[in-house]
Amino acid sequence: REPLPRRAELLLLLLILGLAVFFRLYDLDIRVPLLFYDEAGQGLDALDLLAGHPSLFFPRSFGKEPLYIYLVVPFVALLGRTILAVRLPAALVGSLTVLATYLLVRELFRPEGEQRSQRMAIFTALLLALSFWHITLSRIGFRANSLPLIVALSFLFLWRGLRTRRLRWYLLSGLLLGLALYTYLAARFLPFF
């Protein structure tokens, strides 16, 4: 069997990404019309940043990693004190995770041939785009939502570095691995993997 033509693969990927975005954005601020405790804390921390109090440690809720809070800031600045402003970054990050996962799987299966790499990447992206748990968690403004995206990109660049032996891919992988420590507590286990 031959691999799909590049145009057909791109069309399938765009369709999958469209599904991912739709399921993560549809009625985002209406389905659960109240913020969870952690979401509200992230919104308050974003307001603190907008008030001119920069920080890398946020003591509210016993301390939090800052990346997601910094992602919330422009949305709060643009959309105000709304549920959408706190949840929209998580939905966008979740949608980007589907793309990053596609690229990672494409890179992982590249040695097994173009057709296998292409089919595995499309299938995996479709599963993630339609995954109940990933959709649900991407619709809640939790800081942990940014970890899968950063990890997928870090591993993508690591595998690309191993394949090409180019220093820039190793550097990007290391940079993202370091950035992962600012997403969620579980990132501290990444160096062991």
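Residues numbered from 1 in each chain as written. Predicted model: local features only at pLDDT ≥ 70, side-chain atom pairs only at ≥ 80, totals over all residues. Heavy atoms only, no water.

Chemist: Outline a nonpolar patch on the surface, supporting the account with residue identities and numerical values.
Modeler: Nonpolar side chains collect at one region of the surface, where Phe22, Phe23, Tyr26, Leu126 and Leu130 lie side by side and expose about 440 Å² of accessible area between them. Those elements that place two or more of their residues in the nonpolar patch are helix H1 (6-25) and helix H5 (114-130). Topologically, Phe22 is positioned in helix H1. (Patch = residues over 30% accessible without salt bridge, like charges linked within 9 Å, V, L, I, M, F, W, Y side chains within 5 Å. Areas by Shrake-Rupley, 256 points an atom, 1.4 Å probe, with all protein chains shown as cover. Salt bridge = Lys/Arg side-chain N within 4 Å of Asp/Glu carboxyl O. Helix = DSSP H or I, 4+ residues; strand = E, 2+ residues; numbered from the N terminus.)

Chemist: Let's hear about the packing of aromatic side chains: which residues, and what values?
Modeler: Two descriptors summarise a pair of aromatic rings, namely the distance from one centre to the other and the angle between the planes of the rings. Considering all chains together, one arrives at six aromatic pairs under this definition. Between Phe58 and Tyr70, the aromatic rings sit 6.2 Å apart at their centres with planes inclined by 65 degrees, giving edge-to-face as the arrangement. Residue Phe58 is located in the loop between helix H2 (37-50) and helix H3 (67-79), and its partner Tyr70 is located in helix H3; the two are separated by twelve residues in the primary sequence. By relative accessible area, which is 34% here, Tyr70 ends up partly exposed. Counting every residue linked through ring pairs, the aromatic cluster contains Phe22, Phe23 and Tyr26. (Phe/Tyr/Trp six-rings, centres within 6.5 Å; stacked < 30°, edge-to-face > 60°. Buried < 20%, exposed > 50% of the residue type's maximum accessible area, 1.4 Å probe, protein only.)

Chemist: If you had to explain the environment of Leu130 to someone new, which residues and values would you point to?
Modeler: Topologically, Leu130 is positioned in helix H5. If sequence neighbours within four positions are ignored, Leu130 has contacts with Leu19, Phe23 and Ile135. (Contact = heavy atoms within 4.5 Å.)

Chemist: Outline the packing of H1 against H5, supporting the account with residue identities and numerical values.
Modeler: Two numbers describe how H1 lies on H5: the axes approach to 9 Å, and their chain directions differ by 15 degrees. Between H1 and H5, the crossing angle belongs to the class labelled roughly parallel. Judged by the sense of rotation from one axis to the other, the crossing of H1 with H5 is left-handed. On H5, the residues that touch Glu9, Leu12, Ile16, Leu19, Ala20, Phe23 and Arg24 of H1 are Gln118, Ile122, Ala125, Leu126, Leu128, Ala129 and Leu130. Looking at side-chain class alone, the contact of H1 with H5 contains eleven nonpolar, one polar and two charged residues. (Axes fitted to C-alpha atoms, helices over the stretch in contact; angles between N-to-C directions. Parallel < 35°, antiparallel > 145°, perpendicular 65-115°, else oblique. Left-handed = near helix turned anticlockwise from the far one by under 90°. Nonpolar A, V, L, I, M, F, W, Y, C, P; charged D, E, K, R; others polar.)

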